[in-house]
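Report on the structure
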Amino acid sequence: MKLNFSKMHGLGNDFMVIDGVRQAVTLSNEAIGQLGHRQFGIGFDQLLLVEKSTTPGIDFRYRIFNCDGSEVEQCGNGSRCFARFVFDQGLTDKTEIAVETAKGVIYPRLESNGLVTVNMGAPRFAPSEIPFEAPNEAIIDPLIVDGQVYDISVVSMGNPHAVQIVDDVETAPVALHGTLIENHKRFPQKVNAGFMQIVSRSEICLRVFERAAGETLACGTGACAAVVAGIRRGLLDETVLVHTRGGDLTISWAGGDSPVMMTGPAVTVFEGSIEL
Ligand SMILES: N[C@@H](CCC[C@H](N)C(=O)O)C(=O)O
C-alpha cells in the first residue's frame, strides 16, 4: 500500500498527517509505532489521521496517535495542523471547521495572518474525568514523587495533564520527574507532565513531558492546561503568552465552562509518500 502524507509541525511538535478521506488507510498501532520511529521510520511526535465525519453539522473527524502507536483523545498543536492540512489539501474551503476527536468536537479557525485559533472546549477537573485517583476535585493536589511532595494541578483538556510550578523551566528536572509523574499510579491512563514558570500575570514559560512521546518542543493541550491551572491558582490573567522551546502560543480562558482558546502557527514541512 502506498500512503501519501504531509510532515507538519506546530512549534516543533511534529506530525505525520494522513488524508484518510481520499485514501483507504488501515494502520495497526504497531505499524504507527514503526512509522513514528526517528531512526527506522519517518519520525514524529504524533500521527494525525483525517477522516470523514458521519455526524450532521461536523466537517471531519480526526484521530490522534502518539509515536508509540497508542491512540489519544486530544492534541492542541495537532488541531492547528489538521486545519491547515484540510484547507491546503483542498478537502474543504471553509476557514472555520468543526472536527470530532475522540473527546468531543473542537473548532479551529484559519486566521488571515496565517495563524490558527482553536476553540479547544472547556477544561475538566473531576478526578474521574482525568482519570486521577483522588477523593475529590481540587485546585492543587499533593503528589508524592520519589519521596518528595509536588503540588500539581490536574486538568483534562480531553487528555490528562498534571501541571506544577517551577522557579526556572530551564533547570527543572523535566525528563527525570516527567517520566515518574507520567507513570504515577494515581494516573491509571498515565498523564502529560507540565512544568510552568510564571514570568508575569500574562506570560509563562512551559516545558511538557508528554505521555508516550517524552518531552516535545511544545504541547498545545499542555499550554491550555497550564494557563487554566495558573488562572485557577489566581496567578494568571485571562490571556497569557506561553513561551515553549519551539515558540509562542496565546491562550485565553474566561473561567468556568467557557472554552479555552489557543492561537498559534501550523507549518507544512514537506509532502511525501511511503510504500508499506
Ligand atoms: N502534542 C500534543 C499532545 C499529544 C497527546 C499527548 N502526548 C497525550 O498522550 O495525551 C498537543 O499539542 O496537545
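Definitions and limits used
- Residues numbered from 1 in each chain as written.
- Predicted model: local features only at pLDDT ≥ 70, side-chain atom pairs only at ≥ 80, totals over all residues.
- UniProt positions renumbered as here; feature names shortened; annotations may be inferred.
- Helix = DSSP H or I, 4+ residues; strand = E, 2+ residues; numbered from the N terminus.
- Rg over C-alpha atoms; globule rule 2.2 N^0.38 Å.
- Buried ≥ 20, exposed ≤ 12 C-beta atoms within 10 Å, placed from the backbone.
- Contact = placed C-beta atoms within 7 Å.
- Domains from an automatic or database assignment.
- Nonpolar A, V, L, I, M, F, W, Y, C, P; charged D, E, K, R; others polar.
- Pairing = 2+ DSSP bridges.

Under the annotation held in an unreviewed UniProt entry, the protein carries the name Diaminopimelate epimerase and is attributed to Deefgea chitinilytica. In its Catalytic activity (unreviewed entry) section, the UniProt entry covering the protein states "(2S,6S)-2,6-diaminopimelate = meso-2,6-diaminopimelate". The UniProt entry for the protein carries this comment under Subunit (unreviewed entry): "Homodimer."

1. With respect to the overall build of the protein
Looking only at helices and strands, one finds four helices and 18 strands in the protein. Since a compact globule built from 276 residues should have a radius of gyration of about 19 Å, the 18 Å found for the protein is in line with a globular shape. Overall size of the protein, expressed as C-alpha extent along the three principal axes, is 50 × 40 × 35 Å. By the burial criterion, 45% of the 276 residues in the protein qualify as buried. Considering only contacts in the protein between residues 6 or more positions apart, those separated by 24 or more positions represent 64%.

2. What about the domain arrangement of the protein?
Domain assignment breaks the protein into domain 1 (2-117 + 265-275) and domain 2 (127-258). When each unit is reduced to the centre of its C-alpha atoms, the spacing between domain 1 and domain 2 is 24 Å. Each side of the interface is counted separately: domain 1 has 20 residues, and domain 2 has 18 residues. Considering each element in turn, the side of domain 1 that touches domain 2 owes the most residues, three residues, to helix H2 (residues 76-88). Grouping the constituent residues of the side of domain 1 that touches domain 2 by class yields four nonpolar, twelve polar and four charged.

3. Quick look at the UniProt feature "active site" (unreviewed entry) in the protein
Mapped onto the present numbering, the UniProt feature "active site" (unreviewed entry) falls on Cys-75 and Cys-219. These annotated residues cover 145 residues of sequence, but their C-alpha atoms sit close together, with the largest distance between any two at 7.8 Å. Mapped onto the secondary structure, Cys-75 falls in the loop between strand S5 (71-72) and H2. Judged by local crowding, Cys-75 falls into the buried class, with 29 C-beta atoms found within 10 Å. The contact partners of Cys-75, leaving out residues within four places of it in the chain, are Gln-46, Ile-64, Gly-220 and Thr-221. Given 35 C-beta atoms within 10 Å, Cys-219 falls into the buried group.

4. Notes on the pairing of strand S17 (residues 261-264)
Here S17 shows a clear split, with Met-262 and Gly-264 buried on one side and none of Met-261 and Thr-263 buried on the other. For strand S8 (residues 116-119) and S17, the ladder comprises four bridges, and the chain directions are antiparallel. The residue bridging Asn-119 from the neighbouring strand is Met-261, located in S17. Of the pairings in the sheet, the one linking strand S16 (residues 247-252) to S17 comprises three bridges and is antiparallel in character. Bridge pairing links Ile-251 to Met-262 in S17.

5. As for the UniProt feature "binding site: substrate" (unreviewed entry) in the protein
The residues that UniProt annotates with the feature "binding site: substrate" (unreviewed entry) are Asn-13, Gln-46, Asn-66, Gly-76, Asn-77, Asn-159, Asn-192, Glu-210, Arg-211, Gly-220 and Thr-221. Locating Glu-210 in the fold gives a position in strand S13 (residues 203-210). Using a count of 28 C-beta atoms within 10 Å as the deciding quantity, one classes Glu-210 as buried. Contact partners of Glu-210, with chain neighbours within four places excluded, come to Asn-192, Thr-216 and Cys-219. The topology assignment puts Arg-211 in the loop between S13 and strand S14 (214-216). Those residues within four positions of Arg-211 in sequence are excluded, and the remaining contacts are Asn-66, Glu-182, Lys-190, Val-191 and Asn-192.

6. Digging into unusual backbone geometry
The step from Ile-130 to Pro-131 runs through a cis peptide bond, and the omega angle for that step is -5 degrees. Take Pro-131: it is sitting in the loop between S8 and strand S9 (141-145). A positive phi is found at Leu-11, a non-glycine position, where the angle reads about 60 degrees. Along the chain, Leu-11 turns up in the loop between strand S1 (2-10) and strand S2 (13-19). With a phi angle near 70 degrees, Ala-212 is a residue other than glycine that sits in the positive phi range. Mapped onto the fold, Ala-212 is located in the loop between S13 and S14.

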